[in-house]
Amino acid sequence: MSARRVVITGVGVTAPGGVGTKNFWNLLSEGRTATRGITFFDPSSFRSRVAAEIDFDPEEHGLSPQEIRRMDRAAQLAVVSAREALADSGLDLSGADPHRVGVTLGSAVGATMGLDQEYRVVSDGGRLDLVDHTYAVPHLYNYLVPSSFAAEVAWAVGAEGATTVVSTGCTSGLDSVGHAVELIREGSACAMVAGATDAPISPITLACFDAIKATTPRNDDPEHASRPFDGTRNGFVLGEGSAMFVLEELESARARGAHIYAEIAGYASRCNAFHMTGLRPDGLEMAEAISVALDEARLGPEGIDYINAHGSGTKQNDRHETAAFKKSLGDHAYRTPVSSIKSMVGHSLGAIGSIEIAASVLAMEHNVVPPTANLHTPDPECDLDYVPLTAREHRTDAVLTVGSGFGGFQSAMVLARPERSAA
Amino acid sequence: MSTSTPRTVVTGLGVAAPNGLGTADYWAATRSGKSGIARITRFDPSGYPSKLAGQVPGFNAADHLPNRLLSQTDHMTRLALVATDWALADAGVDPTEVPAYDMGVVTASSSGGFEFGQGELQRLWSQGSQYVSAYQSFAWFYAVNSGQISIRNGMKGPSGVVVSDQAGGLDALAHARRQIRKGTQLVVSGAIDASICPWGWAAQLAGGRLATSEEPDRAYLPFDAAARGHVPGEGGAILILESDASAARRGAHVYGEIAGYGATFDPAPGVGRPPGLRKAVELALADAGVDAGDVDVVFADAAAVPELDRSEAEAISAVFGPHGVPVTAPKTMTGRLYSGAAPLDVATALLALRDGVVPATTNVDPDLSYDLDLVTGEPRVTEVRTALVLARGHAGFNSAVVVRAA
């Protein structure tokens, strides 16, 4: 096994509450929430009518009229985030072999907004079984295959190496970055632009989560609707967004004097092989993923200073992962701050794993742990330190961030200061 | 790569192809030049400019899967679950006897459970949101096949899903191999795709590469001067990938080794740099540690769009020399199966290795200006030890895999 170590040298975030990494961190560190009543369309026929929407004008963020026309919103968010990450890294790709620079982009649900809108037109409001293709937009194929999103990012940054979308449901944002790390470690790439995007706030998404009561019906109080680990939680709040990173090999990043946010010291993914949407309360498979990620990082449980939880705010999830933390970290789980930023930015499906990686490295950057907003009522089944309501100054050298999703995927990543995980 | 890195071998095949359901039927059809391309029967195609597709024949999901799974799955997931059952049986693997964390699932998808999605979109817009199925949340998304295969077979190891259009099928095999190299014993990999429904058809038509000929033997003609686009199909192949040590321990039959892989992405339009397929081939050969002269056959991507055929032929000639290696595209008998195409080509290459026969690119009268030794007409009987499989995806994805006799 190669000894190459992979670090994050650039961060770009487009999340509810404001475009750009700075706005994102301000929201988290101030404990504000960006959830609200849905404005993108009339949600009155739905059970859950709250979401974390981004006020996003693609033209203001440098996309041309034709780029805007051909890209689904999720691709637009990814391109804006990728450009921010590349600029932040200071990496000049013009001198690099472009075949050694790749892209991995996580997305759980692809061009949901584009497909939903276009289907409505070509089917004339669902009336036509044999849809009328002559009403389709010319770039409908880009919506059919979300690989088009990775293509847009590759074009935006000038990458010509291995490029793909990673789509493992709600762990996509962790798995995509984990995939990129593997490519650098094995020597297939010297740098990767990796992250995730999703823009699922569309009628079909609301309808399918309504059908299984996964999203919260707390419509009368949208700002406080996302309540991870709270005793009154009753479902997640749908969100949207993207986070992208520049990943490089540690020594070359040091050699060029790059700012290093964190090393991706460990990563693992496992499946529960149990149910497409259900979780066993014991969290054994997530615990296994955490243990393997810690081993890869050569850290013991006590090496973890902060846990960035999946914390979706469903009854079953928060219980499941609390059990997983206890199983994998033992008593240290009780001594470690745990928080869910979904309380503030909602759950953007495949994107959120990368957005949570961004939150994790920013926590390390500032030595501040973001809070779990809206956490007032203790739940006896969730008895860890979830950092309620307000951010906490806390020395943070290593972070565990986890994800859990439909299909049974359970992923864990350990981010650490390179000197901390040198072992 | 150190000598202790496990080699990745293929020990089981599960095939669902338009010209044959199951490996035996598919291989017999492919050797005899039998096509599965015909007028679409799944819906009435008469209102669309393209009317042909490769549909998997004789598949009755209820013969193979419980009702519980039928109600929650798209056609392509049903095919994938059954192909996985067959691949595991072919490999002689009983998943209940392998530790759960030692088995992973890595598949590719290009468009998810699109037909299921059409049905639920129709209910949403014609009846109302409360009529949308409780299964929509996971029957449509791209991760569905990996998730369902994992659940059905109790596989808890490292798993994944990649989406890179038609190139994704090879990217999945490469990612599966990565997990085996890191210590997982067995990974179910490959892809099955299908979006032959009116809604999928509208989206594919928008891609601008579908043939409009209504003659099944004249519609999909890669490397022919008459090439005018492709015919889509459904299906693909599921492969059981295993570490060589695991296969040896079980005394399993080994079809061959996934020996090399390379992937690139074409430069942005207008950049002026050359396309990346040649580089992907060179990376795959280097990864496998073989020279161009060692390759006995190339399974081409075969877009059947003149400029794409030209760029593929140039990449092959640049590496192997003009007429330097036999090239074939048996997908003229199945249509292009999106992410399912390349895993099916890998399965076909492994069968070619086993039987010493290269199936033909049917119907094609090669344009001589491509300088390719295209296997046309009858299958070519020849020893095959090493094969190269190519796949490209819309917008510039290039992937290449080298398979060789174990």
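Residues numbered from 1 in each chain as written. Chains lettered and ligands numbered in written order. Predicted model: local features only at pLDDT ≥ 70, side-chain atom pairs only at ≥ 80, totals over all residues.

1. Some thoughts on the overall build of chain A
1) Next: Of the regular secondary structure elements, chain A holds 14 helices and 16 strands.
2) Next: Taken along its principal axes, the extent of the C-alpha atoms in chain A is 60 × 55 × 40 Å.
3) Next: Sequence-distant contacts in chain A: of pairs separated by 6 or more residues, those separated by 24 or more amount to 81%. (Helix = DSSP H or I, 4+ residues; strand = E, 2+ residues; numbered from the N terminus. Contact = placed C-beta atoms within 7 Å.)

2. With respect to the interface of chain B and chain A
1) Next: Facing 68 residues of chain B, the contacting portion of chain A comprises 69 residues.
2) Next: The greatest single-element share of the side of chain B that touches chain A, amounting to eight residues, is contributed by helix α8 (residues 198-206) of chain B.
3) Next: Grouping the constituent residues of the side of chain B that touches chain A by class yields 33 nonpolar, 27 polar and eight charged.
4) Next: Bridging between strand β6 (residues 163-166) of chain A and strand β6 (residues 160-163) of chain B involves two bridges; their strand directions are antiparallel. (Nonpolar A, V, L, I, M, F, W, Y, C, P; charged D, E, K, R; others polar. Pairing = 2+ DSSP bridges.)

3. Description of the UniProt feature "domain: Ketosynthase family 3 (KS3)" (unreviewed entry) in chain B
1) Next: Taken from the UniProt record, the annotation "domain: Ketosynthase family 3 (KS3)" (unreviewed entry) applies to residues 5-405 of chain B.
2) Next: Helix makes up 32% of residues 5-405 of chain B and strand makes up 21%, while its end C-alpha atoms are separated by 18 Å. (UniProt positions renumbered as here; feature names shortened; annotations may be inferred.)

4. Concerning the domain arrangement of chain B
Residues and elements named next belong to chain B.
1) Next: Domain boundaries in chain B define domain 1 (8-250) and domain 2 (260-404).
2) Next: Between domain 1 and domain 2, the C-alpha centre-to-centre distance is 21 Å.
3) Next: Contacts between the two partners involve 57 residues from domain 1, matched on the other side by 53 residues from domain 2.
4) Next: Taken together, the residues of the side of domain 1 that touches domain 2 sort by class into 26 nonpolar, 20 polar and eleven charged. (Domains from an automatic or database assignment.)

5. Digging into the sheet that holds strand β3 (residues 36-37) of chain A
All names here are of chain A.
1) Next: With mixed pairing, three strands are arranged side by side in an open sheet as β3-β4-β8. Single-partner strands in this sheet number two, and they are β3 and β8 (238-239).
2) Next: Sheet topology places strand β4 (residues 50-52) next to β8; two bridges connect them, and they run parallel. Bridge assignment links Ala 52 to a residue of β8, and that residue is Gly 239.

6. Details of the pairing of β6 of chain A
Residues and elements named next belong to chain A.
1) Next: Burial along β6 is two-sided: the face carrying Thr 163 and Val 165 and the face carrying Thr 164 and Val 166 are both buried.
2) Next: Looking at chain direction, strand β5 (residues 101-106) and β6 are connected through four bridges and run parallel. Within the sheet, the bridge partner assigned to Val 103 lies in β6 and is Thr 163. (Buried ≥ 20, exposed ≤ 12 C-beta atoms within 10 Å, placed from the backbone.)

7. Some thoughts on unusual backbone geometry
1) Next: Residue Asn 374 of chain A is not a glycine yet carries a positive backbone phi of 65 degrees.
2) Next: With 27 C-beta atoms counted inside 10 Å, the residue Asn 374 of chain A sits in the buried group.
3) Next: Its identity is not glycine, yet Asn 363 of chain B carries a phi of approximately 75 degrees, on the positive side.
4) Next: One can find Asn 363 of chain B in the loop between β12 (357-358) and β13 (373-374).
5) Next: For Asn 363 of chain B, a count of 22 C-beta atoms within 10 Å translates into the label buried.

8. Details of the UniProt feature "domain: Ketosynthase family 3 (KS3)" (unreviewed entry) in chain A
1) Next: Summarizing the sequence annotation, UniProt attributes the feature "domain: Ketosynthase family 3 (KS3)" (unreviewed entry) to residues 3-417 of chain A in the numbering used throughout.
2) Next: Across residues 3-417 of chain A one finds 34% helix and 19% strand; the C-alpha atoms that close the span lie 17 Å apart.

9. Remarks on the environment of Gly 33 of chain B
All names here are of chain B.
1) Next: Among the structural elements, Gly 33 can be located in the loop between α1 (23-31) and β3 (37-39).
2) Next: Its 18 C-beta neighbours within 10 Å are what place Gly 33 among the partly exposed residues.
3) Next: A sequence separation of 309 residues divides Gly 33 from Ala 342, and the C-alpha atoms of the two residues are 19 Å apart.

10. A look at the domain arrangement of chain A
How large an interface is tends to be reported as the accessible area lost when its parts come together.
Residue and element names in this part refer to chain A.
1) Next: Domains assigned within chain A are domain 1 (6-255) and domain 2 (266-416).
2) Next: Here domain 1 and domain 2 have C-alpha centroids that lie 21 Å from each other.
3) Next: When contributions to the side of domain 1 that touches domain 2 are tallied by element, the ones reaching two or more residues are β1 (6-15), α1 (21-30), β4, α7 (172-185), β7 (191-198), β8 and β9 (241-249).
4) Next: Examining the composition of the side of domain 1 that touches domain 2, we find that eight residues originate from one element, α7, more than from any other.
5) Next: Looking at the side of domain 1 that touches domain 2 residue by residue, the classes come out as 28 nonpolar, 27 polar and seven charged.

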